[in-house]
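Listed below are the residues making up each chain.
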Amino acid sequence: MRIDLHTHSTASDGTDAPGELVRKAAAAGLDVVALTDHDTTRGHAEAIAAVPEGLTLVTGAELSCRLDGISMHMLAYLFDAEEPALLAERELVRDDRVPRARGMVAKIQELGVPVTWEQVSRIAGDGSVGRPHVASALVELGVVPTVSDAFTQDWLADGGRAFVAKHETDPFEAIRLIKGAGGVAVFAHPGASKRGRTVPETAIAEMAAAGLDGVEVDHMDHDADTRARLRGLAKELGLLVTGSSDYHGSRKTCVLGEYTTDPEVYGEITRRAFGAFPVPGAGGV
Ligand SMILES: [Zn+2]
Ligand SMILES: [Zn+2]
């Protein structure tokens, strides 16, 4: 059995449509594939409708989280996609653009600059409002000469006086919400240090105590030492160990099934989950 528990489709930042992705997964010789788009289950219906014979689809998502200023990802499997609390949190993460921009406008106003929300939304037009639009408003008001001059600590740079962070879920809250929706929670690529600071082992231990089910160990962003360390930690904490490609279509170099999950671990995930069931292709089990 070849099991790949982490892939992305065009529902988030992958390049294969969900239906195309499941067909490619079957063609790549996978028995099980999980669709785990960032903060959305939008691709589930198309993937479910297209599962080919011989493949089983695991529905999931990869939730954007942050702990003590460190961004991290939490994989969620087989949760009930309609469960209201987890659904609201996914929407909050996705639909955070407007409140975030409004928050930056409010901070700039507090700094004595007469910027308005109407001005920023006029600048954004039909586009989804973001930091560059707020920066353009500062240019219009003559506060800074150019947009890039607004991206400093005085104004909108990360950590700047008028900066507002993106909404990301506290991982302990994510675990609680995933479990509450009948799902299984697996910390994605916890040792991916190339992406920035990583969460300390003490925090992973606390997450394990809070109900975390597993850690993704076999992943392209982990070198051999990191994998060995995480495997040891998982054993110590009684966590499941998964492996996966984190496939993004042509956006990244990895191929489907580049890393895989042990069938016993997969079996345990399906036993723990009660929010949704794996979807076998026609004639599958
Ligand atoms: Zn990730
Ligand atoms: Zn991912």
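Keep in mind the model is a prediction, meaning the values are calculated, not measured.

1. Points about the environment of Arg272
Reasoning step 1: By secondary structure assignment, the location of Arg272 is in helix 11 (residues 263-272).
Reasoning step 2: In the structure, Arg272 is positioned 61 residues away from Gly211 in sequence and 12 Å away in space, judged by C-alpha atoms.
Reasoning step 3: Not counting the four nearest positions on each side in its chain, Arg272 is found in contact with Val184, Asp213 and Leu240.
Reasoning step 4: Within the structure, Arg272 has its side chain in polar contact with the side chain of Asp213 (distance 2.9 Å).

2. Some words on the coordination of the zinc ion (ligand 1)
Reasoning step 1: Donor atoms from the polypeptide that bind the zinc ion (ligand 1) are Glu62 (OE), His73 (ND1) and His189 (NE2), placed at 2.1 Å.
Reasoning step 2: Sequence spacing among the residues donating to the zinc ion (ligand 1) works out to E-x10-H-x115-H.
Reasoning step 3: In this structure, the zinc ion (ligand 1) lies 3.4 Å away from the zinc ion (ligand 2), the two metals sharing Glu62 as a donor. With Glu62 in strand 3 (residues 56-67) and His189 in the loop between strand 5 (184-187) and helix 9 (201-209), this residue pair connects regions lying 127 residues apart in the sequence.
Reasoning step 4: On the basis of relative accessibility, which here comes to 0%, the residue Glu62 falls in the buried class.

3. Focus on the domain arrangement of the protein chain
Reasoning step 1: Segmenting the protein chain into domains produces domain 1 (3-93 + 183-280) and domain 2 (97-150).
Reasoning step 2: Domain 1 and domain 2 are separated by 36 Å when their C-alpha centres are compared.

4. Focus: the nonpolar core
The tendency in soluble globular proteins is for nonpolar side chains to be buried as a group.
Reasoning step 1: Leu63, Met74, Phe187, Val199, Met207 and Leu212 are the most contacted members of the largest nonpolar core, which totals 30 residues.
Reasoning step 2: Those elements giving two or more residues to this core turn out to be strand 3, strand 4 (70-77), helix 8 (171-180), strand 5, helix 9, strand 6 (214-218) and helix 10 (224-237).
Reasoning step 3: Counting 19 residues, the second largest nonpolar core, distinct from the first, contains Met104, Val115, Val120 and Val129.

5. Side note on the coordination of the zinc ion (ligand 2)
Reasoning step 1: Here the zinc ion (ligand 2) is held by the protein donor atoms His6 (NE2), His8 (NE2), Glu62 (OE) and Asp246 (OD), which lie 2.0 to 2.3 Å from it.
Reasoning step 2: Each donor residue of the zinc ion (ligand 2) lies on the same chain, and together they follow the pattern H-x1-H-x53-E-x183-D.

6. Topic: unusual backbone geometry
Reasoning step 1: In this structure, Asp39 takes a positive phi of about 55° despite not being glycine.
Reasoning step 2: With respect to the secondary-structure elements, Asp39 resides in the loop between strand 2 (32-35) and helix 2 (44-50).
Reasoning step 3: One non-glycine residue, Asp68, lies in positive phi territory at about 50°.
Reasoning step 4: For Asp68, the location among the structural elements is in the loop between strand 3 and strand 4.
Reasoning step 5: Given the relative accessible area of 68%, Asp68 is considered exposed.

Conventions and cut-offs
Residues numbered from 1 in each chain as written. Chains lettered and ligands numbered in written order. Predicted model: local features only at pLDDT ≥ 70, side-chain atom pairs only at ≥ 80, totals over all residues. Heavy atoms only, no water. Helix = DSSP H or I, 4+ residues; strand = E, 2+ residues; numbered from the N terminus. Contact = heavy atoms within 4.5 Å. Polar contact = N/O pair within 3.5 Å; in protein donor to acceptor, adjacent residues only side chain to side chain. Donors = N, O, S within 2.8 Å, 3.2 Å for Na, K, Ca; no water. Buried < 20%, exposed > 50% of the residue type's maximum accessible area, 1.4 Å probe, protein only. Domains from an automatic or database assignment. Core = buried A, V, L, I, M, F, W, Y, C linked by side-chain atoms within 4.5 Å.

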